Amino acid sequence: MAYTVQRVDFVEYKDLLLSLWQRNFQGVNPGRFSWIYEKNPNGPPVVYLLKHEESQSFVGTMALFPRPMLYKGQLIRAYICGDMAVDSQHRSLGPALSLLKAALKQCDKEDPCMLVSFPNNKSEPLTLRLGYKVLGGNCELVKVLKTRKYILRHCNSPNLATFLSWPLDALLRWRYETLIGLRARKYSYELLAQFDARFDPLWEGLKNACFLIGERKCDDVNWRVK
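Note that the coordinates shown come from a computational prediction; the quantities given were computed from them, not determined experimentally. (Residues numbered from 1 in each chain as written. Predicted model: local features only at pLDDT ≥ 70, side-chain atom pairs only at ≥ 80, totals over all residues. Heavy atoms only, no water.)

### Thoughts on helix α1 (residues 14-24)
Working step 1: When we look at burial in α1, the residues that qualify are Leu17, Leu20, Trp21 and Asn24. For α1, the angular spread of buried residues about the axis comes to 100 degrees, placing them on one side. What points out from α1, more than 90 degrees from its buried face, is the exposed set Asp15 and Gln22. (Buried < 20%, exposed > 50% of the residue type's maximum accessible area, 1.4 Å probe, protein only. Helix = DSSP H or I, 4+ residues; strand = E, 2+ residues; numbered from the N terminus. Arc of directions from axis to C-beta.)

Okay, here's the thing in structure tokens:
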């Protein structure tokens, strides 16, 4: 089967992109498109569509999201590879390679440029085959504030999960408040609705301390946590 990759205007092809998401992703936030495509403070993404020539239909997509990064203290152009989706009947090696190769060509045009990807276990061999290098692992940490949904993973009774969560939630609140109280003897803190300009000097002091780091100015961080 023959495939081609086209760079498209994401505004013009919004409905098609959303349709691909619905077929290939689960639980997509309805506001995601506006947030990451239309309101990204780093600029609009580069969006590709994968076309199946025999049926003349679009069966896949991938986006490159601009992300200013510092490499050894120097600001460079970078893209985060994301939203890669290919319909199940077209998930062979060739179509996926076509999308990733299009991303590499885009980066070559803007040299110096870096592509950053967070592949899962299945797609990591593919990205390594194309020349990506492993920079490090990615670890997600979660601070539990409400326990009910975690209890439901091991309990089939919603009522029982709610009942058990009350004392556990109270215990967690006591623990966190106690720790904050102990630390407050040495430090003070302020609860803010959003990051403000006071965070930018912190970023200036941090950016030269890391080998590779994404820019973290207050406007960008506020957008990320919305």
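### Quick look at the nonpolar core
Soluble globular proteins tend to pack their nonpolar side chains together in the buried interior.
Working step 1: If you look at the biggest cluster of nonpolar residues, it comprises 22 residues, and the most contacted ones within it are Leu64 and Leu115.
Working step 2: With 7 residues, the top contributor of residues to this core is helix α3 (residues 93-109).
Working step 3: For leucine 64, the residues in contact, after removing those within four places along its chain, are Pro45, Val46, Tyr48, Tyr79, Ile80, Cys81, Ala103, Gln106 and Leu115.
Working step 4: Core analysis: the second largest hydrophobic core is formed by 14 residues, Val8, Phe33, Tyr37 and Val47 among them. (Core = buried A, V, L, I, M, F, W, Y, C linked by side-chain atoms within 4.5 Å. Contact = heavy atoms within 4.5 Å.)

### Here we look at the pattern of salt bridges
Working step 1: For the coordinates displayed, the defined rule picks out 9 salt bridges.
Working step 2: Residues aspartate 83 and arginine 32 are paired through a salt bridge, measuring 2.5 Å at the closest nitrogen-oxygen approach. Pair noted here: aspartate 83 is in strand β5 (residues 74-86) and arginine 32 is in helix α2 (residues 32-38), with a separation of 51 residues, a long-range link.
Working step 3: Residue classification places aspartate 83 among the buried positions, given a relative accessible area of 11%.
Working step 4: Close ionic contact of lysine 217 with glutamate 215 constitutes a salt bridge, the shortest N to O distance being 3.9 Å.
Working step 5: Taking the relative accessible area as the measure of exposure, lysine 217 reaches 38% and is therefore partly exposed.
Working step 6: What makes glutamate 215 buried here is its relative accessible area of 16%. (Salt bridge = Lys/Arg side-chain N within 4 Å of Asp/Glu carboxyl O.)

### A word on a nonpolar patch on the surface
Working step 1: Judged by side-chain polarity, Leu160, Phe163, Leu164 and Trp166 come together as a nonpolar surface patch covering roughly 440 Å² of accessible area.
Working step 2: Secondary-structure assignment places tryptophan 166 in helix α6 (residues 158-183).
Working step 3: Exposure remark for tryptophan 166: the relative accessible area of 57% places this residue in the exposed category. (Patch = residues over 30% accessible without salt bridge, like charges linked within 9 Å, V, L, I, M, F, W, Y side chains within 5 Å. Areas by Shrake-Rupley, 256 points an atom, 1.4 Å probe, with all protein chains shown as cover.)

### As for the pairing of strand β6 (residues 113-116)
Working step 1: Of the two faces of β6, the one lined by Cys113 and Leu115 and the one lined by Met114 and Val116 are each fully buried.
Working step 2: Sheet analysis places β5 next to β6, joined by 4 bridges and oriented parallel. Residue pairing across strands places isoleucine 80 opposite valine 116, the latter belonging to β6. (Pairing = 2+ DSSP bridges.)

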